[in-house]
Amino acid sequence: MASPKRRAETAPAHRPSADAGTDLLVIEGLDVVYGGGGGGGVFGLSPRTGFRAVAGVDLALRRGESVAIVGESGSGKTSLLQALVGLAPVAAGRVRLGDVELTRLRGRDVRRARRDMQFVFQDPYSSLDPSMRIGQLLDEPLRVHLRSWSRAQREERVREVIESVGLATSVLGRYPNEFSGGQRQRIAIARALTVEPKVLLLDEPVSALDGSTQGQVLNLLHDIQQRTGVAYLMVAHDLPLVRLFADRIAVMYQGRVVESGPAAALMAAPRHPYTRSLLDASPLPNPTVQRARPRVTLPDETSDAPTPPCCAFAPRCPERFDRCDAEAPAAYPVGPDRLARCFLHAEGTDALEASDAPHA
Amino acid sequence: MSQATGLPGPTAMPPPRRASPSRGFLRRAVTQPRVVASAAALLVLVLVAVVGPHVAPHDPLSGELSRAFQPPGDGYLLGGDDLGRDILSRLLLATRISLLAAFQAVLIAFAVGVPVGLLSGYFGGLLDSVLMKFNDAAMSFPALILAIVIVGILGPSLTNAMVAIGAVYAPRVVRVVRGSTLAAREELYVKSAQAMGCAHSRVILRHILPNILSPLIVQASIMMGLAILAEASLSFLGLGVKPPTPSWGQMLGRSFQYLYRDPFSVVLVGAVISVTVLCFNVFGDGIRDSVGREVPK
Amino acid sequence: MTPSPAENAQPDLPLLRTESLSVSFVNRGTRTAVVSDVSFDVAAGECLAIVGESGSGKSVTAKAILGLLRGTNADVSGRILFAGRDLLRLSGRALDRVRGAEIGAVFQEPMTSLNPSFTVGNQVAESARRHLGMGRREAWDRAVEMLDRVGIANARQRAKAYPHEFSGGMRQRVMLAAALVTEPRLLVADEPTTALDVTIQARVLNLTRQLCDEMGSAALFITHDLGVVADIADRVHVMYAGEMVESATVYDLFESPRHPYTAGLLSCSPGLDAERGHLPVIRGSVPQPGEWPDGCRFHPRCPHAVEVVCTEGPVAIEATATGSVRCRRHAELRLDGVQSEVPVWAVRTPAGGH
């Protein structure tokens, strides 16, 4: 936990207040569009229609909570995460961190606000500048955000944080290419934690690691959260994996959140056919059980995109009916704190008391 | 099965992995014999440039007409030139002057080219389009002609000649820097710095520039060779250094007039120029080949 | 492949047998071993999975079998017997004939395995032309038929398209078509679904299994994913740090692993239930080639390691009831396999809640 002395020194104008339990990060109606607008042509004057990677996403993250965004390629999950730190173009919508509205900030103000929302990339091999030593890498966020600190204070903080991720201070003088993937990811996490952010954005943090080391990093993240109360927003493609990590899960398909809710409930009884398909397709490492499961697979994506308005998942959906091709579904409540973007749950068809089907 | 978080103890040694391209390329470079040889030769040259004029046996600027075209011997180790001056002493001074001048030119080229290339490559967009149009226009002039024009405007002197050469070569530097910056900009560690909240200046100076040094060093080395040749050309044409001050080009120019009388001097100065340029090129090549080559594991 | 217990009533020669296969890379005088003393059999029609993590040498093993290490700085020793012939001793041309006609290959990255300058139909047909001696017309028809069989709609038209016009899953199907058009006796698949989305992976796995069954082809499946292994393999070999550490039938491996590494891998699988913050791990990290410890290569990470027994001398393979294991303590250890209960999420409840 940060000492009170350090907290007092920081106070730039835009730090969000963080009351336990309230929404810390709120995303409303976020659109991420690549290649649209005025970027191109001679002298940049000819606008182009772009590719909409994220469409109207609403998401909230509470203090100390872990939320996982799960989806396959093309779901927009990575674009969503990157948009939060300015690495993807936001075309519409709002992002609020505490009481600061990030989407309204520009230039130096938005950079200062980044202190509270740090990012850990998927690839531990290229996210650390190879020309910098570990000590310098960890020092950098402090120099950017906590300029008033003395060198001694920074050094102490760097030592503290590298030990908190289970690495010895002797690593500080070495270069990233001397370490394995798992260690580099820990270094990246340490770097993100130096400035004590409120939120840590993690883009598939363990996908590039061996199975035997994935657990190490996940355990470490859990440990850190217990100690510091940091909130996590994690992107992943593996539903069974996030079950062991997240409090709440949001499933994305083609730029939209199609289902969201508490992790255990969502995984035990998914309400959206796509979520169901993801679970059906995830192989269980148990041959007796896996081969007894029914072999239900999703048809492939067709290249002819259905004409909106309609449900984007309709062409592949096993539960498809007429309404799905005529309108786009809204997000309907399907339980306490649960939403599903599917007409099966529209007003009238009420799945609430169907409750969770009996387990085997 | 194992401890709670499964983290290795503080004494666990992380395994060394493959070296990254930009780091340690110097270390790899020195394993190549041609790099070492050319670097040694260049070092000798620099030594000559620094110390040479102080140990010159005779005055390089004036001589005795009675010793004109004197063959080597009798105090003039390399003979006398058309005005009876000691060629060796002149060569020693010319080495310093030429190397210094070439260095000036390259410095100017980089001082202009690197910032422009960095800004253009990093920010892109309208700024990049405009700058590149100017750059392309400048590059479309034949280098020597442009240099001559600039010297013509500024007046013939060695400094002006070097400014001209620097200006002429700057667009080439811009191209190289911009290309490297465009590539470096997409690197994940650059995006990481941006996401962290680093200001653009910090990203450019701390993350992009140090990681594009290798192609720059190669370019600088090769450009030194080009600048030496350019200075020689300009001085040959009488647009560079003012006599009686010697430079390689100046000496080449003068002795060329008396080629039939004394071919030795022409060959001598020409050889010195050629070998120097060759050394720069070989050195640059060696550095370039060391970049990106990974220590195999 | 329908799961079947390992048949010991096989004819003498298995379809593929490697004997003491070892691969080292030589670079400027230093020799680094990446695969050491790997021996295994693949019987006709069976699906053998080789599972391992990074640095285990599994991909290099596959490449050695396919002859892809020729002409590189790799030094391959041992024997690779395919239908009785040693592939390592074959001339380049003879190997070419075997490869393609009798051994098909599918790799991880369909982007780079397919030639972007040729239509997919062409690439599938080429195999038919070269190895089945078909004429152009006939080979093209065969290619279209194969593309249809792998589930590409409008095969006749789509055969004229280029690889970049297909999605990742589709490209992998094309690769399968190219590999299987000659109905080879063995399909070598090196992480074919690792780069695919899980829903696509499921279909490609189903397809692979179905086609291999129809053609009677054996399959050598290289993967790191235990879920995939559980889904399609008949027998499994586990590799660690360049060597085989355990082999067994798939059911045996998961229920009663004999090697601590296998047990560790099983417990770390994300599909199983575990406690948040206390996920099972194998401490330490995988040693890379050149840094293999003395004695048992797994001993620094093994919770059951004992001085001297495990730390000295290379450990030999010992036979077990259904396979083999490379561990001196295997007879004394009782290791946990996977639990037999079904995790909640794998139980199929209809999404509508009806």
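Bear in mind the structure is a predicted one, so any value in this text is a computation, not a measurement.

> Before we go on, may I ask you to explain the overall build of chain C in this structure?
When its secondary structure is counted, chain C shows eleven helices and twelve strands. Taking 20 Å as the expected radius of gyration for a compact globule of 354 residues, we find that chain C reaches 21 Å, a close match to that expectation. Reported as C-alpha extents along the three principal axes, the dimensions of chain C are approximately 65 × 65 × 45 Å. A separation threshold of at least 6 residues defines the contact pool for chain C, and within that pool the share at least 24 residues apart is 65%. With an accessible surface of roughly 14,600 Å², chain C has 49% of that area assigned to carbon and sulfur atoms. Distance between charge centroids for chain C: 8 Å, based on 37 positive and 41 negative side chains.

> What am I meant to see in the interface of chain C and chain A here?
How large an interface is tends to be reported as the accessible area lost when its parts come together. Listed by partner, the interface residues are 62 residues for chain C and 61 residues for chain A. Both faces combined, the contact of chain C with chain A buries some 5,100 Å², and carbon together with sulfur accounts for 55% of it. On inspection of chain C and its partner chain A, the count reaches two salt bridges. Between the two partners, chain C and chain A, sit 21 residue pairs in polar contact (both at pLDDT 80 or more). At the level of secondary structure, the elements contributing two or more residues to the side of chain C that touches chain A comprise α7 (168-180), α8 (198-215), α9 (226-232) and α10 (250-255) of chain C. Here the side of chain C that touches chain A takes eight residues from α8 of chain C, the largest share from any one element.

> Can you walk me through the nonpolar core in this structure?
What tends to happen in soluble globular proteins is that the nonpolar side chains get buried as a cluster. Of all hydrophobic cores here, the largest spans 143 residues; its most connected members are Ile134, Ile162 and Ile249 of chain A together with Val124, Leu147 and Phe254 of chain C. Counting residues per element, this core draws most heavily on α8 of chain C, which supplies nine residues. The contact partners of Leu147 of chain C, leaving out residues within four places of it in the chain, are Val120, Gly121, Val124, Ile152, Ala155, Ala159, Val174 and Ala177 of chain C. Grouped together as the second largest cluster of nonpolar side chains are 60 residues, Leu42, Ala147, Trp248 and Val277 of chain B included.

> I would appreciate a short explanation of the packing of helix α10 (residues 273-281) of chain A against α8 of chain C in the present structure.
Pairs of packed helices are described in terms of their axes, by the angle between the two and the distance that separates them. Packing of α10 of chain A against α8 of chain C leaves a shortest axis separation of 8 Å and a crossing angle of 50°. Put simply, α10 of chain A runs oblique to α8 of chain C. In terms of crossing hand, the pair formed by α10 of chain A and α8 of chain C is left-handed. Between α10 of chain A and α8 of chain C, the residues in contact are Ser277, Leu278 and Ala281 of chain A and Val198, Thr199 and Ala202 of chain C, respectively.

> Looking at this structure, how should I read the side chain of Glu46 of chain C?
Checked against the element boundaries, Glu46 of chain C lands in the loop between β2 (30-42) and β3 (47-51). At 2.8 Å, the side chain of Glu46 of chain C and the side chain of Arg235 of chain C are in polar contact.

> Please clarify how helix α4 (residues 120-132) of chain C should be interpreted in this entry.
For an α-helix the count is 3.6 residues per turn, leaving residues at separations of three or four pointing the same way. All names here are of chain C. When the terminal C-alpha atoms of α4 are compared, their 18 Å separation across 13 residues agrees well with the 18 Å that a helix rising 1.5 Å per residue should span. Among all positions in α4, only Val120, Gly121, Gln123, Val124, Ala125, Ser127 and Ala128 are buried. In the stretch just after α4, Gly133 is the one whose phi turns positive, near 65°.

> Even after reading the chapter, I still don't get the pairing of strand β11 (residues 332-335) of chain A, so can you show me in this structure?
Regular strands show a simple pattern: their side chains alternate between the two faces of the sheet. Residue and element names in this part refer to chain A. Across three bridges, the pairing between β11 and strand β12 (residues 338-340) is antiparallel. Counterpart to Tyr332 in the pairing with β12 is Ala340. In this antiparallel pair of consecutive strands, β11 and β12, the connection spans two residues, and Asp337 shows a positive phi of 65°.

> Any chance you could explain the environment of Leu193 of chain A here in plain terms?
Residues and elements named next belong to chain A. Tracing the chain through its elements places Leu193 in helix α6 (residues 181-193). Overall, the relative accessible area of 8% leaves Leu193 in the buried class. Residues Leu193 and Gln118, spaced 75 residues apart in sequence, show a C-alpha to C-alpha distance of 7.7 Å. The residues touching Leu193, leaving out its near neighbours within four places in the chain, are Arg157, Val161, Leu200 and Ile224.

> Hey, could you run me through the sheet that holds strand β4 (residues 90-97) of chain A in this one?
The pairing of strands in a sheet happens through backbone hydrogen bonds and is either parallel or antiparallel. Residue and element names in this part refer to chain A. On the basis of which strands lie adjacent, the open sheet formed by four strands has the order β2-β1-β4-β5 and antiparallel pairing. The sheet is open, and its two borders are formed by β2 (51-62) and β5 (100-101), each paired with just one other strand. With eight bridges connecting them, strand β1 (residues 23-34) and β2 associate as antiparallel partners. If you follow Val32 over to β2, its bridge partner there is Val54.

> Where do I start with the pattern of salt bridges in this structure?
Any two side chains of opposite charge can pair, so long as their charged atoms come close to each other. Residues and elements named next belong to chain A. In this structure the tally under the stated criterion is 46 salt bridges over all chains. Of the charged contacts, one joins Lys77 and Glu204 as a salt bridge, the two residues approaching to 3.8 Å between their closest N and O atoms. Of the two residues, Lys77 is situated in helix α2 (residues 77-84) and Glu204 in the loop between β7 (199-203) and α7 (211-228); the sequence distance between them amounts to 127 residues. For the pair Lys77 and Glu204, a shared accessibility class is recorded, and that class is buried. Its salt-bridge partner being Asp139, residue Arg154 comes within 2.9 Å of it at the nearest N-O pair. Residue Arg154 is located in helix α5 (residues 151-164), and its partner Asp139 is located in helix α4 (residues 134-145); the two are separated by 15 residues in the primary sequence. Residue classification places Arg154 among the buried residues on the basis of a relative accessible area of 13%. Overall, the relative accessible area of 13% leaves Asp139 in the buried class. In this structure, a network of salt bridges that share partners links the residues Asp23, Arg62, Glu65, Arg248 and Asp337.

Parameters and conventions
Residues numbered from 1 in each chain as written. Chains lettered and ligands numbered in written order. Predicted model: local features only at pLDDT ≥ 70, side-chain atom pairs only at ≥ 80, totals over all residues. Heavy atoms only, no water. Helix = DSSP H or I, 4+ residues; strand = E, 2+ residues; numbered from the N terminus. Rg over C-alpha atoms; globule rule 2.2 N^0.38 Å. Contact = heavy atoms within 4.5 Å. Areas by Shrake-Rupley, 256 points an atom, 1.4 Å probe, with all protein chains shown as cover. Lys, Arg positive; Asp, Glu negative; His and termini not counted. Charge placed at Lys NZ, Arg CZ, Asp CG, Glu CD. Buried area = accessible area lost by both parts, 1.4 Å probe. Salt bridge = Lys/Arg side-chain N within 4 Å of Asp/Glu carboxyl O. Polar contact = N/O pair within 3.5 Å; in protein donor to acceptor, adjacent residues only side chain to side chain. Core = buried A, V, L, I, M, F, W, Y, C linked by side-chain atoms within 4.5 Å. Buried < 20%, exposed > 50% of the residue type's maximum accessible area, 1.4 Å probe, protein only. Axes fitted to C-alpha atoms, helices over the stretch in contact; angles between N-to-C directions. Parallel < 35°, antiparallel > 145°, perpendicular 65-115°, else oblique. Left-handed = near helix turned anticlockwise from the far one by under 90°. Expected span 1.5 Å × (residues − 1). Pairing = 2+ DSSP bridges.

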